[in-house]
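Report on the structure
Here's the letter readout for the chains.
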Amino acid sequence: MITIDNIQQIILKSIEIIVENAIKKAGFDKTVIGIVIEVMGDNKYKVAYNYQELILSCAVDVKITAGNAVYITFPQDETQHGYISGIRRK
């Protein structure tokens, strides 16, 4: 026999599934740490991150040298739009 409690549980579970799927698809900014391996000039830097070499620009006015640990931001978790957003200080 179907009760109101059963119906409420089914509705709540459906809402939970919808919200979880929406969160998985949402594009959140992601900030990670990389290491500068080369200063290329013209505000471009070669940065090692996650076994990859990325060519990134820097969005802040700081002096960056090879070997610096930097924060890399990926807007909406899209690697192709990444940029250096700061230097990681020890």
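Since we're looking at a predicted model, the values are computed, not measured. (Residues numbered from 1 in each chain as written. Predicted model: local features only at pLDDT ≥ 70, side-chain atom pairs only at ≥ 80, totals over all residues. Heavy atoms only, no water.)

Side note on the pairing of strand β4 (residues 69–74)
Burial analysis of β4 places five of its six residues in the buried class, which makes it a mostly covered element. Across six bridges, strand β1 (residues 30–41) lies against β4 in antiparallel orientation. Bridge pairing in β4 links K30 to F74. As paired elements, β4 and strand β5 (residues 83–87) share four bridges and run antiparallel to each other. The residue of β5 that forms the bridge with Y71 is G86. (Buried < 20%, exposed > 50% of the residue type's maximum accessible area, 1.4 Å probe, protein only. Helix = DSSP H or I, 4+ residues; strand = E, 2+ residues; numbered from the N terminus. Pairing = 2+ DSSP bridges.)

Description of the pattern of salt bridges
Across all of its chains, the model carries three salt bridges by this definition. The residue E16 makes a salt bridge to K13 at a minimum N-O spacing of 4.0 Å. On the criterion of helical spacing, the pair formed by E16 and K13 is a turn pair, its members being three residues apart in helix α1 (residues 4–25). E38 is paired through a salt bridge with K46; the nearest N and O atoms lie 3.6 Å apart. A relative accessible area of 35% means that E38 is categorised as partly exposed. In the salt-bridge network here, residues are joined through shared partners; they are E38, K46 and E53. (Salt bridge = Lys/Arg side-chain N within 4 Å of Asp/Glu carboxyl O.)

Details of the nonpolar core
One finds Y45, V47, I64, V70, I72 and I84 to be the most contacted residues of the largest nonpolar core, which totals 14 residues. At the level of secondary structure, the elements contributing two or more residues to this core comprise β1, β2 (44–49), β3 (52–57), β4 and β5. Ignoring sequence-local partners within four residues, the contact set of V47 consists of G34, I35, V36, I37, Q52, E53, L54, L56, V70, I72 and I84. (Core = buried A, V, L, I, M, F, W, Y, C linked by side-chain atoms within 4.5 Å. Contact = heavy atoms within 4.5 Å.)

Here's the deal with the confidence of the model for the protein chain
Mean pLDDT for the protein chain: 94, with 100% of residues reaching 70 or above. Within the protein chain, the element-level pLDDT minimum falls on α1, averaging 92, and the maximum on β2, averaging 98. (pLDDT = per-residue confidence, 0-100.)

Notes on the side chain of T73
Checked against the element boundaries, T73 lands in strand β4. The exposure class of T73 is buried, given its relative accessible area of 6%. Polar side-chain contacts of T73 include one of 3.4 Å to the side chain of T31. When neighbours within four sequence positions are excluded, T73 is seen to be in contact with K30, T31, H81, G82, Y83 and S85. (Polar contact = N/O pair within 3.5 Å; in protein donor to acceptor, adjacent residues only side chain to side chain.)

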